[in-house]
Amino acid sequence: REELPRLTVPHFVLALRICRDYKGDAAMMSFLTDICMEMPRVIPTMCINDACKALMHLDNHRGLPREARRLVTSLMSRLDDHREDLSQLLVSDLVDSLDCFASYKLKNDRLYKAMGDLLAERIVEIKYSSNPSLWATVTSCFETLEIYHPMWMNAVLELGRDQ
């Protein structure tokens, strides 16, 4: 814990990954709380790819410290500030980030529109992905967030027609 102030972005992401595997352990949840309180200092220097990697390990679940929600909100702001760069991300990273935001039911219409537009444009990648549930995850996230994204819905309907 005394090393937290010296950690870099990759170290924080790795620490989040380790904490995720021990989510039932009280000591690890305490450590996760410390990580969530210290990590915001590196967010301004974080690339959006690293922000997505961190979000992958922060899905909401029982026992997660409330500081995690604040961290997720900060990471969401980072992505929102760089919406024009989302096309650099892998489809799976976009879906994981959207899934994390939906797990907290966070609102950000601009970011969700940008993510939905990009995912709809890249529907062929989703169709031929090794993960067959990506399209269902995106659709479920929009439903959880109570967002109707016409471009996404049209793309997913075409995907269904192709089957």
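Quick note: structure is the one above.
Caption draft 1: Structural detail: the overall build of the protein chain. Helices and strands together make up the secondary structure of the protein chain, namely 9 helices and 0 strands. Along the protein chain, helices (α) and strands (β) appear in the sequence α-α-α-α-α-α-α-α-α when read from the amino end. Relative to the compact-globule value of 15 Å for 163 residues, the protein chain shows a C-alpha radius of gyration of 16 Å, a close match. With respect to the principal axes defined by its C-alpha atoms, the protein chain has extents near 55 × 30 × 30 Å. Taking all 163 residues of the protein chain together, the buried fraction comes to 44%. Within the protein chain, residue pairs in contact and separated by at least 24 positions form 77% of the contacts whose partners lie at least 6 positions apart. About 8800 Å² of surface is accessible on the protein chain, with carbon and sulfur atoms providing 53% of the total. Here the protein chain holds 20 positive side-chain charges and 24 negative ones, and the gap between their average locations is 3 Å.

Caption draft 2: Layout of the packing of helix 4 (residues 66-81) against helix 5 (residues 91-104). The contact between helix 4 and helix 5 brings their axes to 11 Å, and the two run at 135°. Relative to helix 5, the element helix 4 is oriented oblique. Judged by the twist between their axes, the crossing of helix 4 over helix 5 is left-handed. Here Ala-68, Arg-69, Val-72, Met-76 and Leu-79 of helix 4 lie close against helix 5, whose contacting residues are Ser-97, Cys-100, Phe-101 and Tyr-104.

Caption draft 3: Main features of the pattern of salt bridges. Taken as a whole and judged by the stated rule, the model has 9 salt bridges. Salt-bridge contacts for Arg-41 lead to Glu-38; the nearest nitrogen and oxygen are separated by 2.6 Å. For Glu-38, a relative accessible area of 22% puts it in the partly exposed group. Each of Asp-80, Arg-83 and Arg-110 takes part in one network of salt bridges that share partners.

Caption draft 4: Highlighting the environment of Asn-49. In this fold, Asn-49 is placed in helix 3 (residues 48-55). For Asn-49, a relative accessible area of 32% translates into the label partly exposed. Each C-alpha atom of the pair Asn-49 and Gly-160 lies 30 Å from the other, and the pair is 111 residues apart in sequence. Among residues more than four places away in sequence, those in contact with Asn-49 are Leu-89 and Asp-93.

Caption draft 5: Geometry of the packing of aromatic side chains. Scanning all chains against the criterion turns up 1 aromatic pair. Here Phe-101 and Tyr-112 contribute two aromatic rings whose centre-to-centre distance is 6.3 Å and whose plane-to-plane angle is 45°, an arrangement assigned as tilted. Here Phe-101 is found in helix 5, whereas its partner Tyr-112 is found in helix 6 (residues 109-121), with 11 residues between them in sequence. Relative accessible area serves as the criterion here: at 0%, Phe-101 is assigned to the buried category. Owing to a relative accessible area of 1%, Tyr-112 belongs among the buried residues under this scheme.

The rules we used
Residues numbered from 1 in each chain as written. Predicted model: local features only at pLDDT ≥ 70, side-chain atom pairs only at ≥ 80, totals over all residues. Heavy atoms only, no water. Helix = DSSP H or I, 4+ residues; strand = E, 2+ residues; numbered from the N terminus. Rg over C-alpha atoms; globule rule 2.2 N^0.38 Å. Buried < 20%, exposed > 50% of the residue type's maximum accessible area, 1.4 Å probe, protein only. Contact = heavy atoms within 4.5 Å. Areas by Shrake-Rupley, 256 points an atom, 1.4 Å probe, with all protein chains shown as cover. Lys, Arg positive; Asp, Glu negative; His and termini not counted. Charge placed at Lys NZ, Arg CZ, Asp CG, Glu CD. Axes fitted to C-alpha atoms, helices over the stretch in contact; angles between N-to-C directions. Parallel < 35°, antiparallel > 145°, perpendicular 65-115°, else oblique. Left-handed = near helix turned anticlockwise from the far one by under 90°. Salt bridge = Lys/Arg side-chain N within 4 Å of Asp/Glu carboxyl O. Phe/Tyr/Trp six-rings, centres within 6.5 Å; stacked < 30°, edge-to-face > 60°.

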